[in-house]
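# Breakdown of the fold
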Amino acid sequence: ERQQVFNVKVNFTGAQFVITNLDKFDCQNSTMEINGGLLKGGYSYDGYILEAGQEYTVGAAQFTKSDGARFNPFAIKPQNISIGCRGNNELTSATWYGEF
């Protein structure tokens, strides 16, 4: 499986994440995580499709922890976000990481 960097732009508006897929391929079955880390699980949102060249707005409360707790941007500041995805080719995967 080839691993590559996903070309994406992410902005946080205070309540929503604006995600733009700048790549030439669709990001299939994406996994997004806020405030994740090596030793701690963050808030995730899975199964999203980010089509090439498109902009998406994802509400912060759509991200949840494994116990079901929702991300509250008014109580917790987003520190980082990561996005993992599969391209149209099953053998291609890509990841992106950014900090706020």
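Going along each chain's sequence as written, the residues are numbered from 1 onward. Side-chain atom pairs in this predicted model are given and counted only at pLDDT of 80 or more, local residue features only at pLDDT of at least 70, and totals for whole chains, interfaces and linings cover all residues. Side-chain metrics in this entry use all non-hydrogen atoms of the structure; hydrogen atoms and water are not considered.

## Let's talk about unusual backbone geometry
Our working rule: In DSSP terms, a helix is any run of H or I states spanning at least four residues, a strand is any run of E spanning at least two, and both are numbered starting from the N terminus. Here the term buried applies to any residue with accessible area under 20% of the maximum for its type, exposed to any over 50%, and partly exposed to those in between, with areas from a 1.4 Å probe on protein chains only.
Even without a glycine there, the phi angle at Asn-29 is positive, about 50 degrees. Inspection of the secondary structure assignment puts Asn-29 in strand β4 (residues 27–34). Judged by its relative accessible area of 54%, Asn-29 falls in the exposed class. A positive phi is found at Asn-35, a non-glycine position, where the angle reads about 55 degrees. Within the secondary structure, Asn-35 is located in the loop between β4 and β5 (43–50). Since its relative accessible area comes to 9%, Asn-35 is described here as buried.

## Topic: the environment of Lys-65
This is how it is decided: The contact definition used throughout considers only heavy atoms, calling two residues in contact when any of these lie within 4.5 Å. For this analysis, a polar contact is any N or O atom pair within 3.5 Å, provided that within protein one partner can donate a hydrogen and the other can accept it, and provided that sequence-adjacent residues contribute only side-chain to side-chain pairs.
Secondary-structure assignment places Lys-65 in the loop between β6 (55–59) and β7 (80–86). Overall, the relative accessible area of 29% leaves Lys-65 in the partly exposed class. Each C-alpha atom of the pair Lys-65 and Gly-42 lies 6.1 Å from the other, and the pair is 23 residues apart in sequence. Discounting residues that sit within four places of it in the chain, Lys-65 has contacts with Gly-41, Gly-42 and Tyr-43. A polar contact is formed between the side chain of Lys-65 and the backbone oxygen of Gly-41, at a distance of 3.0 Å.

## Points about the pairing of strand β2 (residues 8–12)
Inclusion rule: At least two bridges found by DSSP between two strands is the condition for calling them paired.
Pairing between β2 and strand β3 (residues 16–21): five bridges, direction antiparallel. Each residue of the ladder has a partner; that of Lys-9, found in β3, is Thr-20. The hairpin turn running from β2 into β3, its antiparallel successor, is three residues long, and Gly-14 in that turn takes a positive phi close to 115 degrees.

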